[in-house]
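Chain by chain, the residues:
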Amino acid sequence: MPLKGLANSSLVEAQGFRKVSDPYGGGEVVVIPAIAPDWAVLHVHECDPGGNAFIDGSRYDDVLLALAAGKVLVTCEKIVGNDRFVESPRRTDFPGFMVDAVVEVPGGARPTSCARLYPYDREFLTAYLQAAADDARYGEFLAARVYGAQKGVSL
Amino acid sequence: MADKVASLGEAVRRIGDGSTVALGGNTIHRSPCAAIAEMIRQGKKGLTLVKTAGAYDVDVLCGTGVADAVLAAYVGFENFGLAPRFRRAVESGRVKLYEHT
């Protein structure tokens, strides 16, 4: 993938990115290898059982990740009927044919935020960072609030 | 229309050890944290993570030994501070960082 903007960056040398001659006469251009993930794992607001997905608020890079990945696992706040997407096709942020698995997990983004539904969990993130400073406390925190959390339910 | 609904455990079990996994959301917003907790519970190994701007997600997967490599432009907890377990894993060489921007 050509990236003109990296021309004067030290990342070119640091990451071993190569340069090619622009066949249209624009001089040398840096090319970076395309990232082809095996999986994209995404949390969205609504999915139908076939994987058509709706994201409320910012989509960030989720649609690009779904396009780039070989397989897509989507967790969603709510599984809705396909009629929601048939009635309003423009709600489809990425289509079901790209999706391999749909899981309904209300609160599945916690402790991070989910637009219009819940904010990020300040208490959790603060406690996580405090625990992370010490190996024993970190292990206890993970056991109590990550491994120990009920399956299929948010942290 | 094929029904693709699965349980969280079943869906996450399809991700093989050593896979390259892109994570949705951005920093502390709409990250797939329930799926990440399930990856940790299942003891996934050798994952390469792809994320534009990671935070808790990348940090906890590095801190639990699930991830071996990270492709990212930024990993940190925004106003909360740096990502301590990610930083430690990269500094010790246990996790390889590929920085692309």
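Everything quoted here is computed from the prediction, not taken from an experiment.

Trainee: So what's going on with the overall build of chain B? Which residues, and what values?
Mentor: In terms of helices and strands, chain B carries four helices and four strands. Ordered by position in the sequence, the α and β elements of chain B form the string α-β-α-β-α-β-α-β. Taken against the 2.2 N^0.38 rule, which gives 13 Å for 101 residues, the C-alpha radius of gyration of chain B at 14 Å falls within 12% of a compact globule. When its C-alpha atoms are laid out on the principal axes, chain B stretches across 45 × 25 × 25 Å. Sorting the 101 residues of chain B into buried and exposed places 54% on the buried side. At a minimum sequence separation of 6, the contacts of chain B that also span at least 24 residues come to 54%.

Trainee: Quick rundown of the packing of helix α3 (residues 56-63) of chain B against helix α4 (residues 84-91) of chain B? Include the residues and the values.
Mentor: All names here are of chain B. Across the interface, α3 lies against α4 with an axial gap of 7 Å and an inter-helix angle of 50°. With respect to α4, the axis of α3 lies oblique. Note on packing geometry: the crossing formed by α3 with α4 is left-handed. Side by side, α3 and α4 meet where Val58, Asp59, Val60, Cys62 and Gly63 of the first sit next to Arg85, Phe86 and Ala89 of the second. Across the contact of α3 with α4, the residue classes tally to five nonpolar, one polar and two charged.

Trainee: Give a detailed account of the interface of chain A and chain B, specifying residues and quantitative values.
Mentor: Contacts between the two partners involve 55 residues from chain A, matched on the other side by 46 residues from chain B. Mapped by element, the contributors of at least two residues to the side of chain A that touches chain B are β3 (39-47), α2 (62-68), β5 (71-79), β6 (101-104), α4 (122-131) and α5 (135-147) of chain A.

Trainee: Tell me about the pairing of β6(A), and please be specific about residues and values.
Mentor: Residues and elements named next belong to chain A. Residues Ala101 and Val103 point to one face of β6 and Val102 and Glu104 to the other, with burial holding for every one of them. Where β5 lies against β6, four bridges are found, and the strand directions are parallel. Paired with valine 74 across the bridge in β6 is valine 102.

Trainee: Give me the lowdown on the nonpolar core, citing residues and values where you can.
Mentor: Grouped together as the largest cluster of nonpolar side chains are 63 residues, with contacts concentrated most on Ala40(A), Val74(A), Val21(B), Leu49(B), Val58(B) and Leu61(B). The residues that make up this core include at least three from each of domain 2 (39-104) and domain 3 (121-155) of chain A. Apart from the residues lying within four places of it in its own chain, the contact partners of Leu49(B) are Val21(B), Leu23(B), Val58(B), Leu61(B), Ala67(B), Val70(B) and Leu71(B).

Trainee: Residues and numbers for α4(B), please.
Mentor: Of all the residues in α4(B), the buried ones are Pro84(B), Arg85(B), Phe86(B) and Ala89(B). On its buried face, α4(B) is in contact with α4 of chain A together with α3 and β3 (67-75) of chain B. Gly93(B) occupies a position one or two residues after α4(B) and carries a positive phi of about 85°.

Trainee: Summarise the domain arrangement of chain A; cite the residues concerned and give the values.
Mentor: Domain boundaries in chain A define domain 1 (1-33), domain 2 (39-104) and domain 3 (121-155). A straight line from the C-alpha centre of domain 2 of chain A to that of domain 3 of chain A covers 28 Å.

Trainee: Please give an account of the packing of α4(A) against α5(A) that cites residues and values.
Mentor: Residue and element names in this part refer to chain A. Running from amino to carboxyl end, α4 crosses α5 at an angle of 145°, the nearest separation of the two axes being 8 Å. Counted together, Ala127, Tyr128 and Ala131 of α4 and Arg137, Tyr138 and Phe141 of α5 form the full contact between these two elements. When the residues that make up the contact of α4 with α5 are grouped by side-chain class, the tally is five nonpolar, no polar and one charged.

Trainee: Give a detailed account of the environment of Ala55(B), specifying residues and quantitative values.
Mentor: All names here are of chain B. Position of alanine 55 among the secondary structure elements: in the loop between β2 (47-54) and α3. Sequence spacing of alanine 55 and histidine 29 is 26 residues, and the spatial spacing of their C-alpha atoms is 9.2 Å. Not counting the four nearest positions on each side in its chain, alanine 55 is found in contact with Thr27, Ile28, Val75, Gly76, Phe77, Glu78 and Ala83.

So, how was this worked out
- Residues numbered from 1 in each chain as written.
- Chains lettered and ligands numbered in written order.
- Predicted model: local features only at pLDDT ≥ 70, side-chain atom pairs only at ≥ 80, totals over all residues.
- Helix = DSSP H or I, 4+ residues; strand = E, 2+ residues; numbered from the N terminus.
- Rg over C-alpha atoms; globule rule 2.2 N^0.38 Å.
- Buried ≥ 20, exposed ≤ 12 C-beta atoms within 10 Å, placed from the backbone.
- Contact = placed C-beta atoms within 7 Å.
- Axes fitted to C-alpha atoms, helices over the stretch in contact; angles between N-to-C directions.
- Parallel < 35°, antiparallel > 145°, perpendicular 65-115°, else oblique.
- Left-handed = near helix turned anticlockwise from the far one by under 90°.
- Nonpolar A, V, L, I, M, F, W, Y, C, P; charged D, E, K, R; others polar.
- Pairing = 2+ DSSP bridges.
- Core = buried A, V, L, I, M, F, W, Y, C linked by C-beta atoms within 7 Å.
- Domains from an automatic or database assignment.

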